[in-house]
Each structure stands twice: as structure tokens, then as C-alpha cells.
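# Structural overview for review
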Amino acid sequence: MKFDDKVPIYYQIKNQLYHEMITGELEPGDKLPAVRQLAVDMTVNVNTIQRALGEMITEGVIESQRGKGNFVTMDHERITQLKEELITEQLERVYQQLHALDLSDEDIIASLEHFIKQRGEQHV
Amino acid sequence: MSDVLTIENLNYKRNLKVILHDVNLTLAQGKIVGLLGENGAGKTTLMRLITGSAKGSGHIAVRDLEKTVDRKRHVSFSEQLKGFADGTRIDRVVDYYRLVYPDFDGQRFEELVTFLQIDTSLKLSALSKGMKEKVVIALTLSRQVDLYLLDEPFSGIDSMSRKRIISSIIKWKPDDATMVISDHYVTEIAPILDDVVIVKDQTVAIHQAADDIRDEYGIGIEAFYESLYEGGVKHD
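Cut-offs applied
- Residues numbered from 1 in each chain as written.
- Chains lettered and ligands numbered in written order.
- Predicted model: local features only at pLDDT ≥ 70, side-chain atom pairs only at ≥ 80, totals over all residues.
- Heavy atoms only, no water.
- Axes fitted to C-alpha atoms, helices over the stretch in contact; angles between N-to-C directions.
- Helix = DSSP H or I, 4+ residues; strand = E, 2+ residues; numbered from the N terminus.
- Parallel < 35°, antiparallel > 145°, perpendicular 65-115°, else oblique.
- Left-handed = near helix turned anticlockwise from the far one by under 90°.
- Contact = heavy atoms within 4.5 Å.
- Nonpolar A, V, L, I, M, F, W, Y, C, P; charged D, E, K, R; others polar.
- Buried area = accessible area lost by both parts, 1.4 Å probe.
- Salt bridge = Lys/Arg side-chain N within 4 Å of Asp/Glu carboxyl O.
- Pairing = 2+ DSSP bridges.
- UniProt positions renumbered as here; feature names shortened; annotations may be inferred.
- Phe/Tyr/Trp six-rings, centres within 6.5 Å; stacked < 30°, edge-to-face > 60°.
- Buried < 20%, exposed > 50% of the residue type's maximum accessible area, 1.4 Å probe, protein only.
- Lys NZ or Arg CZ within 6 Å of the ring centre and 35° of its normal.

Right, let's talk about the packing of helix α1 (residues 9-22) of chain A against helix α3 (residues 46-58) of chain A for a bit. Residues and elements named next belong to chain A. Taken N-terminus to C-terminus, the directions of α1 and α3 make an angle of 55°; their axes are 8 Å apart at the nearest point. As judged from the angle between their axes, α1 and α3 are oblique. Between α1 and α3 the crossing geometry is right-handed. Where α1 approaches α3, its residues Ile9, Tyr10, Ile13, Lys14, Leu17, Tyr18 and Met21 are matched on the opposing element by Thr48, Ile49, Arg51, Ala52, Leu53, Glu55 and Met56. Considered class by class, the residues forming the contact of α1 with α3 number 10 nonpolar, 1 polar and 3 charged.

Here you go:
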């Protein structure tokens, strides 16, 4: 996995795992690889993996079962909620940046619609 | 968490020239620590002081043990095979390690040899730079100790060897052991570091968690390191 050295590694690991959960690569109830295996797969430190997983356990996205390992939550609603959180986070960033360019809410909606339409035509 | 290494007020001079002064450093167990600094900054000297091969004033304790003999038992240092003649076969070097270090784990060594694709029947003179470094890593990691010191394990070797070596470090570093990796080029090891220690102006100028640096300054480890040398990042 390629990392952006400017962003804390544990944060990037969390985002990678969120991504796999939302796209269904990791399904509810799936067992995650062992910590050291994840570290080898992602070429990062074991402690960094542990920090990322620790936070995800606190968030209720991952469940730790004593002696068995870590599992993706069976709570489908939590996954749906996670997806919404990530969408909101991305939209928030775009919204802030466009707002800073002095666009009104209507302008933002219009330019987004225009962008999607144009993009769709380019990709046909 | 208990500490593996404690250095207090360490000073070291060579031929009346100050090489290191007022070094204070404490490393917790279970960490991978990047020891960064320019060539000649004193990284290798610091490692040699920790193992006891060089003598300075001040206190150095490994697992609370100060005596050189005790420290040596708890530290595995990647000496560059300098003591062996070019014609020595790798398996003869391994015999020597088995004899000298009671903590040398033959099975670990076999696993590392397989993973790093080392042919132990070769003579040292027949090894490429990358292969030689792999042998050094396999020997160093096969000892069961609390503190591993790797002195510039990546300098001048190909990227495939580098990747293998990095993977072997992640796979075989014991959970409770701490590993110090010195380098003057940090980008490729940055993701595996817990802590960053920077040697500058003959002392330890910075000791900080890698993710804290990214969090606090919003820059990469390489950029942080460079800015420190250019005096860009303020630090009290």
C-alpha cells in the first residue's frame, strides 16, 4: 500500500479498511487478518495497525473476540452509517472549498450538476 | 510500558574533538525507531556507544543494565561482516554466531534465509551488496535480544532487496523488542517507524512519534527532517 507521508499512517490504515467495508470487500462478520499479517501486507508497523484497529473497535466498526481475532461488525446499520459519515466528510471538504470561492449554495449545486453532466459526456 | 534503553548525559570525544555531547534518550519497548542524521552526524558512534564498543562518559543502560558485558548480551548490532575474510562461506559465519551468541536461534535463521532467498553455501566475496545486507539482517535478527541496532541497512542496495528486508523486519522483530534503524534517507522506511530520533549538532535534537510529527506539522517525515536541518521548523 502506498502512503501519503504527510498524513498519520494509522489514519490512512483506518480509511483503507473503511473503504474495504463500504465496497463490500470486507463483509459484515468477516474476520480480519492477524495484526502482524496486516502489518506485512500494508508494510507498516505492528503498533500502527494496533492503534488503527483500537480506534475502530472504539467506534464499533470492528469487534474484537478474545482469542479469536477481530471481526467486521455484524451491525449493517453501523456500516451504512459509516458510509454516510465518509460521504459527509468528503462533501464537507468540497463544500468548504467552493464556498471559499464565493459560490452560493445554488451556485454549488448548479456547478456540481454541470460537472457530473460534462463528466458523463466525456466518459461515453 | 517499560524502557529498553536509557541514555543520560552521554558525552563522547575522539582526539579532543566532541563527537556527541549531552545525549539523553529513552526508548520504550516494542518500538521501531528511525535514527536520522547526516553522514558523520554520529549515528554509528551512538550505536557503538550503546553496545559498548566505544566508551564515553555518562550513563547507558539496556534493560536497566549498565555494565558493558551485560549490555552486549541484550543488544544485537548489525556489524558489517568486517571481521571475516572474503573467502569465508556464509555457513561458517553462522557457525561462529552459534558459538559466540547463546541466544542465536537457528530455526529463526533458517526461516529468514528462506524468506530472504540466501544461499548459505556462498562465500562472502561472491555476494552482491544487497545480498550481503540480507545476510547481515538475517544474522542480526536471529539473535533473541531486547534491542536491535541496524546501521544503515538500506544504503546503496536495490529496491527489491530493500522491500524484502523491510518485510523481514516487520515479520521477525519480536513484539517486546525495540529496533533502531539508522539512515540518512528516510522516505522508504517512514511508514514503518514508531518514533523518529534526529541527531544534529552532536546531540539528539529531536525524539518524537512519527504520527505525531505528521499530525502536528502536516508534513512528511522526510520534509520534517530536512526542514530541521534548514532551521525551518520551530521546536522548543
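Having seen the structure, we can now continue with the description.
The next thing to look at is the interface of chain A and chain B. If you look at the interface, chain A gives 16 residues, while chain B gives 23 residues. Buried area between chain A and chain B, both sides added, is near 1,500 Å², and the carbon and sulfur share of it is 47%. On the chain A side of the interface with chain B, the three residues burying the most area are A:Asp5, A:Arg36 and A:Asn45, jointly 36% of the side's total. Viewed at the interface, chain B and chain A are joined by 2 salt bridges. Measuring nitrogen to oxygen at the nearest pair gives 2.5 Å for the salt bridge that ties B:Asp175 to A:Arg36. Sorting the residues of the side of chain A that touches chain B by element identifies α1, α2 (35-42) and α3 of chain A as the ones contributing at least two each. The class makeup of the residues in the side of chain A that touches chain B is 8 nonpolar, 4 polar and 4 charged.

With that settled, the discussion passes to the sheet that holds strand β4 (residues 57-62) of chain B. All names here are of chain B. Read from one edge of the open sheet, 3 strands run β2-β1-β4, paired in antiparallel fashion. Of all the strands in the sheet, just β2 (17-28) and β4 have a single pairing partner and so form its edges. Sheet twist, expressed as the average angle between the axes of neighbouring strands with direction ignored, equals 15°. Inspection of the sheet shows strand β1 (residues 3-14) paired to β2 by 8 bridges, in the antiparallel sense. Residue pairing in the sheet places Thr6 in a bridge with Thr26 of β2.

This part covers the UniProt feature "domain: ABC transporter" (unreviewed entry) in chain B. Here, the residues flagged by UniProt with the feature "domain: ABC transporter" (unreviewed entry) are residues 5-226 of chain B. The span residues 5-226 of chain B carries 36% helix and 27% strand; its end-to-end C-alpha distance comes to 26 Å.

Here we take up the packing of aromatic side chains. The tally for this structure, following the rule as stated, stands at 8 aromatic pairs over all chains. Between B:Tyr97 and B:Tyr101 the ring centres are 5.3 Å apart and the planes differ by 50°, which places this aromatic pair in the tilted class. When its relative accessible area of 7% is taken as the criterion, B:Tyr97 is described as buried. Here B:Phe104 and B:Phe109 contribute two aromatic rings whose centre-to-centre distance is 5.7 Å and whose plane-to-plane angle is 45°, an arrangement assigned as tilted. The class of B:Phe104 is buried, set by a relative accessible area of 9%. Chaining the aromatic ring pairs together yields one cluster made of B:Phe84, B:Tyr96, B:Tyr97, B:Tyr101, B:Phe104 and B:Phe109. Across the ring face of A:Tyr10, the terminal group of A:Arg51 is positioned such that the distance to the ring centre comes to 3.7 Å. For the cation-ring pair, B:Lys200 lies above B:Tyr229, with the distance from its terminal atom to the ring centre recorded as 6.0 Å.

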